[in-house]
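Observations on the model geometry
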Amino acid sequence: MCNKSIIYGAAAMLLATVSCTSHYQLCDVSRSRILIDSRYDAHPDQQAVAFLAPYKHQVDSVMSPIVGRVACDMYADRPESKLSNLIADIMVWSGKVYNEHPVLGIYNIGGIRAAFAKGDITYGDVLDVAPFENKVCFVTLSGSKVIELFQQIAKVGGEAVSHGVELEITADGQLKKALLNGKPIDPTAQYRVATNDYVAQGNDKLAAFKSATDINSPQGKENNVRFIIIEYAKQLAKEGKMVDAQIEGRIKTVKP
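Analysis parameters
- Residues numbered from 1 in each chain as written.
- Predicted model: local features only at pLDDT ≥ 70, side-chain atom pairs only at ≥ 80, totals over all residues.
- Heavy atoms only, no water.
- Helix = DSSP H or I, 4+ residues; strand = E, 2+ residues; numbered from the N terminus.
- Buried < 20%, exposed > 50% of the residue type's maximum accessible area, 1.4 Å probe, protein only.
- Contact = heavy atoms within 4.5 Å.
- Areas by Shrake-Rupley, 256 points an atom, 1.4 Å probe, with all protein chains shown as cover.
- Phe/Tyr/Trp six-rings, centres within 6.5 Å; stacked < 30°, edge-to-face > 60°.
- Pairing = 2+ DSSP bridges.
- Axes fitted to C-alpha atoms, helices over the stretch in contact; angles between N-to-C directions.

**Focus: the overall build of the chain**
A tally of regular secondary structure across the chain gives seven helices and 11 strands. A burial count over the chain gives 39% of its 256 residues as buried. For the chain, the proportion of contacts with a sequence separation of at least 24, taken over those separated by at least 6, is 78%. Accessible area for the chain stands at about 15,300 Å²; split by element, carbon and sulfur atoms hold 56% of it.

Rendered as structure tokens:
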């Protein structure tokens, strides 16, 4: 009798759930970005503060050291953004550390997971932006594969590309124009590219990288992208400069 009561009760709950099912339909989706920074700490929950206090000092000792200053708020977005431009340029900048001379840098927008707020940036801020264990990587692509790569970038609506790259893409993912330092891509030439090892394997729909040759992919912890960003910020700080980037028209969306 007890088992039957349980079964009848469960059946009644299931019928109630079905009868209350909403007939609403999703018609539209929109989004916006909210930069989470110190403004949201103006009125902290005191119980939460007390609970976290034993852990805060240890975490802060690792995450809070300031590594540089950022000139303006930066976030990553397609087809082009300040933060994506910055990181692609940092990939090229890092070449000198490895005796490399890349002519362009590529970085996946999906690998940029947070934003930089204007002002001081800490190790923790950089970790938020680059949380993965991706390492810097240098490869060679033929010109025909660079064109293919740019077509794949157009297909996804844009990725992080370095200064000197000029792409015109359409809203439906077609590549209409591709220049590097003002010149068309030579299909027969060889181009040295700076990226990260995840992208260099052809991930994030950038399959042209699977044809890369002469791969230099250092795997030490110090080669992690986050540490390269930190070194870049520290170098600028030594020179009395701030980390900065601008929208330059590296990737423009045009009519078909």
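Moving on from the coordinates now.
**Quick word on the side chain of Asn134**
In this fold, Asn134 is placed in the loop between α4 (123–129) and β4 (136–142). The buried category is assigned to Asn134, whose relative accessible area is 13%.

**Digging into the environment of Phe150**
Tracing the sequence through the fold places Phe150 in helix α5 (residues 143–155). You can call Phe150 buried: its relative accessible area is 1%.

**Considering the packing of aromatic side chains**
In the structure shown here, the tally under the stated rule is three aromatic pairs. Taking the centre distance of 5.2 Å and the plane angle of 85° together, the rings of Trp93 and Tyr232 count as edge-to-face. Residue Trp93 is located in helix α3 (residues 82–93), and its partner Tyr232 is located in helix α7 (residues 225–238); the two are separated by 139 residues in the primary sequence. For Trp93, a relative accessible area of 22% puts it in the partly exposed group. Considering the side-chain rings of Tyr123 and Phe227, the 6.2 Å spacing of their centres and the 35° angle between planes classify their relative orientation as tilted.

**Observations regarding the sheet that holds strand β6 (residues 165–170)**
If you trace the four strands from one edge of the open sheet to the other, you get β8-β7-β6-β11, paired in mixed fashion. Taken across any chain shown, the strands that pair with only one partner, and hence form the sheet edges, are β8 (183–184) and β11 (251–254). In this sheet, β8 lies alongside strand β7 (residues 175–180) in antiparallel orientation, the contact comprising two bridges. Directly across from Leu179, in β8, lies its bridge partner Pro184. Each of β6, β7 and β11 touches α5; the most contacted strand, β7, lies at about 130° to it.

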